[in-house]
Amino acid sequence: MVTGKEDLLQALIDAYLMEKGTHEFYDQAARKAAVPEARETFKELSAWEDRHAEFIRFLYQAITEDRDIEGFDNFSKKSPTLVTEGGIPVKDLEARIEKYTVTDDMGAIELALDIEGKAYNLYWKLSKGASDANARVVFKNMMEQEIKHIDYLRNMMAKISGK
């Protein structure tokens, strides 16, 4: 689990794995959604998380001057996705999806807001406690991304509820 005491490279690896886990969860949730609107919401969120993971991969490879994309892809395939970006174990979120089916956009948005809010809180905590200044920058950047997600989801919620 990420503690904030990581150096920059370890922070990037941990952030990458969390983004990957969240991407995979949203992808699974999209497949299980009962209605097209919820499915599309989860698909869009999954695509965002995939782009975040790719950005982190790019940063990692730029810093290490490692241009071996195939090697990183092998690392990604072999690395288990045990936790999402909010620090929530993937298995816990999967259990939530198994217990009930997201049957509307509002349910999808509420679940996503919970995940993204926890992600923001985790990155905030990590940015405050990071001993490596560069790791703090990475965590702050990830916080900014989570704020964008939260704002987007809140706007969607307001649109759906007519407020």
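**A closer look at the side chain of Lys 20**
- Structurally, Lys 20 can be placed in helix α1 (residues 8-32).
- Nearest to the buried, unbridged Lys 20 among oppositely charged side chains is Glu 24, at 4.1 Å.
- Beyond its immediate stretch of four places on either side in the chain, Lys 20 contacts Ala 53, Ser 76, Lys 77, Ser 79 and Thr 81.

**Describing the packing of aromatic side chains**
- Summed over the entire model, instances satisfying the criterion amount to four aromatic pairs.
- Three or more aromatic residues joined by ring pairs make a cluster, and in this case those are Phe 25, Tyr 26 and Phe 42.

**Some points on the nonpolar core**
- One finds Leu 12, Tyr 16, Ile 56, Tyr 123 and Phe 139 to be the most contacted residues of the largest nonpolar core, which totals 21 residues.
- Taken together, the elements giving at least two residues each to this core come down to α1, α2 (36-64), α5 (105-129) and α6 (133-161).

**Notes on the pattern of salt bridges**
- Considering all chains together, one arrives at four salt bridges under this definition.
- In this structure, Asp 27 and Arg 31 form a salt bridge, with 2.6 Å as the shortest nitrogen-oxygen distance. Here Asp 27 and its partner Arg 31 are both found in helix α1, four residues apart, which amounts to about one turn of the helix.
- With a relative accessible area of 32%, Asp 27 lands in the partly exposed category.
- A salt bridge links Asp 114 to Lys 118; its shortest N-O distance comes to 3.5 Å. With Asp 114 and Lys 118 both in helix α5 and four residues apart, the pair spans about one turn of that helix.

Rules behind the numbers
Residues numbered from 1 in each chain as written. Predicted model: local features only at pLDDT ≥ 70, side-chain atom pairs only at ≥ 80, totals over all residues. Heavy atoms only, no water. Helix = DSSP H or I, 4+ residues; strand = E, 2+ residues; numbered from the N terminus. Buried < 20%, exposed > 50% of the residue type's maximum accessible area, 1.4 Å probe, protein only. Lys, Arg positive; Asp, Glu negative; His and termini not counted. Salt bridge = Lys/Arg side-chain N within 4 Å of Asp/Glu carboxyl O. Contact = heavy atoms within 4.5 Å. Phe/Tyr/Trp six-rings, centres within 6.5 Å; stacked < 30°, edge-to-face > 60°. Core = buried A, V, L, I, M, F, W, Y, C linked by side-chain atoms within 4.5 Å.

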